[in-house]
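Understanding the architecture of this molecule
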Number of protein chains: 4
Amino acid sequence: MAEQLAGVTIAVIGGDERQIFLVSKLLEMGANVKVIGLPERKELTGCEFCKDLAQTIQDVQAIILPMAGTDFEGNIITAFSKNKLEFTEQIFQSIPNHVPIFLGVAKPFLREWARFYEKKLIEIADLDEIAIPNSIPTAEACIQIAMEKLPITIHGSNTVVLGFGRCGMTLARMLHGIGAKTTVVARKPKDLARIREMGLTAGTFDQLTEILPQADLIINTIPIQILTERRLSYVNKEALIIDIATAPGGTDFQAAERLGLNAILTPSLPGLVAPKTAGYILAETLPRLILSEISLPGTNKVGGKIS
Amino acid sequence: MAEQLAGVTIAVIGGDERQIFLVSKLLEMGANVKVIGLPERKELTGCEFCKDLAQTIQDVQAIILPMAGTDFEGNIITAFSKNKLEFTEQIFQSIPNHVPIFLGVAKPFLREWARFYEKKLIEIADLDEIAIPNSIPTAEACIQIAMEKLPITIHGSNTVVLGFGRCGMTLARMLHGIGAKTTVVARKPKDLARIREMGLTAGTFDQLTEILPQADLIINTIPIQILTERRLSYVNKEALIIDIATAPGGTDFQAAERLGLNAILTPSLPGLVAPKTAGYILAETLPRLILSEISLPGTNKVGGKIS
Amino acid sequence: MAEQLAGVTIAVIGGDERQIFLVSKLLEMGANVKVIGLPERKELTGCEFCKDLAQTIQDVQAIILPMAGTDFEGNIITAFSKNKLEFTEQIFQSIPNHVPIFLGVAKPFLREWARFYEKKLIEIADLDEIAIPNSIPTAEACIQIAMEKLPITIHGSNTVVLGFGRCGMTLARMLHGIGAKTTVVARKPKDLARIREMGLTAGTFDQLTEILPQADLIINTIPIQILTERRLSYVNKEALIIDIATAPGGTDFQAAERLGLNAILTPSLPGLVAPKTAGYILAETLPRLILSEISLPGTNKVGGKIS
Amino acid sequence: MAEQLAGVTIAVIGGDERQIFLVSKLLEMGANVKVIGLPERKELTGCEFCKDLAQTIQDVQAIILPMAGTDFEGNIITAFSKNKLEFTEQIFQSIPNHVPIFLGVAKPFLREWARFYEKKLIEIADLDEIAIPNSIPTAEACIQIAMEKLPITIHGSNTVVLGFGRCGMTLARMLHGIGAKTTVVARKPKDLARIREMGLTAGTFDQLTEILPQADLIINTIPIQILTERRLSYVNKEALIIDIATAPGGTDFQAAERLGLNAILTPSLPGLVAPKTAGYILAETLPRLILSEISLPGTNKVGGKIS
């Protein structure tokens, strides 16, 4: 990998421990890195620490925002500084159209701006090569929470995973590896076939009313309201529900509360519980994405999922 | 499932042990079944045994050919009879256009006819819900061959799986479960990520020249020529190559022979090694496919993958 | 199991959530249960709540102390009451010699008394049928701590387990199931052989100086000082050491601190993290032990492993 | 390992492919090797090929017989020669008392002679460090047979393993790894606990009459008659029984035949199916055993398990 980014200047704006690790890798790969909103730690020796956003994004070939990008008011999300760092429309507009702007998931206003000003906003959280590795810290965080909250062991428990996407598959494999009696509920015949192949019990949504009452632990990964009041009424009072789907999750939390159920909506966890692993995942993937974007100067992609 | 097929008449033409199991299930589900090329075994009690193809396909709502369909001369493939049973153009033409004709994989001439005469030829081998369950007997057959041919145990062996499709994933999981040191070689970043998540070693095609010399067992699942003469030259003389990709496989077998390598091309194995399981997979899936086809009389799909 | 303990009177003294679950099972099985140091919860309806120890142990056929028994001053360990409940020599002496007194591990003074007064003190923590099931909550607690403390995921981490006894085996299997690169260090050739059979890396104590520097997570299960200052000097500064061996553990904690290493000695965890599972394990095993003791009135075992 | 056996002269008498591999390793380690009953293959370059047994055993410090030793008539078991090679009482008697004679399992007459003449006969098949690694080729051979004989896949089958010793544990782990629904039947509470910990179903012998009728595949590892006529009467006619216990196995084969059941007694399989792995296991272990025997000239062990 050494020196693959020699001669490339990258702006890294805000973030958390993941960015520290990412920046140190970018430096190793020979990039010039301009940062703002990150502390002057020794791992960052060699960076150019900037005073404001305008300076940071000047003459760069790629911009990396935090995974969560900005809050709804447009402030860059950063774990290291209490000073607000506003990503204004003016700043955004000043970015050259060919410079890729990477982040995990963009707030709607950012997507609007990108479409309107034809900027190259690239949301990476949904890319398989980020999302699959990220499913590992997510699954472990989820298992850690279950271990903390349940008075029984995961091993031997009746665990139900709703959904068999990138996180669902990882969770199911790990839970089975620990020794949980794992049922995965999915819709597509091909997913049901793969679930069975993995030695797990496959269930359909029609069967939920039989599956839920047996469950000690229910983990939802589907970002539409799957656990409706009616379905929640089948859940055992001693069960734990962990909802890891993108907020607002797939659980009717108000109904869960009315029913006296223990339901938790977890925020996006990888950066929280395993920042180093999560930083490593970014450092593994972003350089390649940057190179593929800056080596194709003609293709000015805008908007859309990967914009 | 009981009686879901009541009132439906189905023709089952030729085949092997799988068809015996399939027919017995169709009967259980209330179907009328007309057969030819199958023996008068007690499991088939209740079938109408026909004398010729014309009689067999008369007044049926669905036709089931063997998974392999016909040979290149147009003879129905059947394990139970030495008499030729030719599926002529005339017979084919006489099938009403709305009657679905199921088989695994069609020979090119059959696809041509289907396109020309606008028949509803449905190739099921490539459907995920058939192919994923079928990957299990395929993987076991492959492992059985490896156990027979190798002087070492699978456990502890350096095993390389080329490709991470439906069969590759199943094989990799099973080999790991037995205790092989399993490397899976794939191209897509998302596959490499999933391979790592499963606790296996991921490799790219660029790395093949380093991976191949270490391998005791190499299983190819990719139906294009992956194991070229150049790559084969890196393979250890004591290694075993099993190629389970659709004929002619992904191995240059002539080069392998010149190099003194032990390379085997396996025919489609599920029906051979685990006919009951393979029949069960058909019996699980075909009734649903039949019902979905005959309940949608308007949609007259022809040609293409699922035609 | 129903009513197997009908007519048997059992004293349950102190304890924690495990005892609640245990007592409810003893009641289900028809026993008369006298308790002290436990709260008047609805699961305990039907118990006789006693005022002092003398009353509690009167006319019982078996006595169950908490798993940890007493503290070094002789006070019964109880999670539910702040009042001291002293298990005095006088009380101990008054227990009839044929009445079995169960607990997990006895403090030395209790063993002395048992030997001197010829009482039937039975330490169950070391019985395989308690220790193997208990290894599951122990392993999960250990994994939970590792997930909390490490900035990387368990999956993909280099994890070293020292010892391949009851806990070591469970830990190794679970860590491998999650996806850790797991090395188990053991002495006996038969353990090394089994470790390899399980698909794990086996190491010997001679190899520790090569194994330790690679480790992200080190879990010690051996109750003698394995991690000496010299060996600790090989450990990576970012690694986490969790020592689950019986106090004082197998780590030179002072040396670890001097070396700036992160080393944790965990108390006996099953009751803490999975009280219901731990209670279930007791409830599964104790009734059988009680029945086997009280049906064999002649064999007055004292001292020793099962004393 | 290099040269650890320099200056040691070892006789290797008869055997099969395992011995070829073993001898090549002994040569690598610097030993002088005298052989009889083995072919002049290039791997054996450097051996002294002897004409008769008397010459072979002259001036050696250790003797290695085939794993199966002799037949009941006293002829050395050898796969490479049709000439009889009789291990006579006279030859046996002429071996110096301090020279260890290694073999897998001795026929009763050999044990008698060893006791009578005070020779150092060492049966290694039962040593954990041989038996545990050997359980791997044994388990794979057993799985291969099951794959060949059953019309269903191992994956998804109801498989019952009788016994949880060295082979039972390996088999259970592998079958589970492939995806069989695995039940292990054992007697000891500690084994039942470990079976459950491994995520398998544990059963007791009392439950056999409920377990057997569900089984598709039954593998016996217990060398006493477990599968009696009464128990066999509960077995499904389509099930396969594989008995891998030391001959005559644990199955009443005559009753099985009367009942129309498919029951197979397998000979000791490691050398047959994975000779290279089996040879490697011997080569890993025998040098250490030889060194420990010849460096302790005073301890003249005879008879008993390791005699």
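Heads up: the structure comes first, above all this text.
Computed from a predicted structure; not experimentally measured.

1. Points about the interface of chain B and chain A
If you look at the interface, chain B gives 17 residues, while chain A gives 17 residues. Taking both sides of the interface into account, the surface hidden between chain B and chain A amounts to around 1500 Å²; carbon and sulfur atoms contribute 63%. When the buried surface of chain B facing chain A is broken down by residue, Ile132(B), Arg194(B) and Glu197(B) rank first, second and third, together holding 37% of it. If you look at where chain B meets chain A, you find two salt bridges. One salt bridge in this structure joins Glu197(A) and Arg173(B), with 2.6 Å as the shortest N-O distance. Between the two partners, chain B and chain A, sit six residue pairs in polar contact (both at pLDDT 80 or more).

2. Quick word on the relation of the copies chain B and chain A
For these two chains of identical sequence, chain B goes onto chain A by a turn of 180° and a shift of 0.0 Å along the axis, with RMSD 0.1 Å. Expressed as an axis order, the relation between the two copies is that of a two-fold axis. Same-surface contact between copies: 100% of interface residues of chain B are shared with the interface of chain A.

3. Quick word on the relation of the copies chain A and chain C
Rotating chain A by 180° and translating it 0.0 Å along the rotation axis places it on chain C, where the RMSD comes to 0.2 Å. Mapped onto chain C, 100% of the interface residues of chain A are again interface residues, and the two copies thus contact each other with one and the same surface.

4. Section: the sheet that holds strand 1 (residues 9-13) of chain D
Residue and element names in this part refer to chain D. With parallel pairing, six strands are arranged side by side in an open sheet as 3-2-1-4-5-6. Two strands in the sheet have a free side with no partner beyond their single neighbour: strand 3 (48-49) and strand 6 (120-123). Here strand 1 runs beside strand 2 (residues 32-36); their pairing, made up of five bridges, is parallel. What sits directly across from alanine 11, in strand 2, is lysine 34.

5. A look at a positive patch on the surface
Judged by side-chain charge, Arg187(A), Lys188(A), Lys190(A), Arg187(B), Lys188(B) and Lys190(B) come together as a positively charged surface patch. Within the secondary structure, Lys190(A) sits in helix 7 (residues 189-197). For Lys190(A), a relative accessible area of 34% gives the class partly exposed.

6. Comments concerning the state of the cysteines
Residue and element names in this part refer to chain A. Overall, the coordinates contain zero disulfides over all chains when judged by the stated rule. Free cysteine: cysteine 47, not disulfide-bonded; nearest cysteine sulfur from cysteine 50 at 9.2 Å. You can call cysteine 47 buried: its relative accessible area is 12%. Its relative accessible area of 11% is what places cysteine 50 among the buried residues.

7. Considering the pattern of salt bridges
On inspection of all chains with the given rule, the structure shows 56 salt bridges over all chains. Where Arg41(D) meets Glu17(D), a salt bridge forms, and the shortest distance between an N and an O atom there is 2.9 Å. Taken together, the residues Arg41(D) in the loop between strand 2 and strand 3 and Glu17(D) in helix 1 (residues 17-28) connect sequence positions 24 residues apart. Its relative accessible area of 28% is what places Arg41(D) among the partly exposed residues. Connected through salt bridges with shared partners, the residues Glu17(A), Arg41(A) and Glu43(A) form a single ionic network.

What counts as what
- Residues numbered from 1 in each chain as written.
- Chains lettered and ligands numbered in written order.
- Predicted model: local features only at pLDDT ≥ 70, side-chain atom pairs only at ≥ 80, totals over all residues.
- Heavy atoms only, no water.
- Contact = heavy atoms within 4.5 Å.
- Buried area = accessible area lost by both parts, 1.4 Å probe.
- Salt bridge = Lys/Arg side-chain N within 4 Å of Asp/Glu carboxyl O.
- Polar contact = N/O pair within 3.5 Å; in protein donor to acceptor, adjacent residues only side chain to side chain.
- Least-squares fit on C-alpha atoms with pLDDT ≥ 70 in both.
- Pairing = 2+ DSSP bridges.
- Helix = DSSP H or I, 4+ residues; strand = E, 2+ residues; numbered from the N terminus.
- Patch = residues over 30% accessible without salt bridge, like charges linked within 9 Å, V, L, I, M, F, W, Y side chains within 5 Å.
- Areas by Shrake-Rupley, 256 points an atom, 1.4 Å probe, with all protein chains shown as cover.
- Lys, Arg positive; Asp, Glu negative; His and termini not counted.
- Charge placed at Lys NZ, Arg CZ, Asp CG, Glu CD.
- Buried < 20%, exposed > 50% of the residue type's maximum accessible area, 1.4 Å probe, protein only.
- Disulfide = S-S within 2.5 Å.

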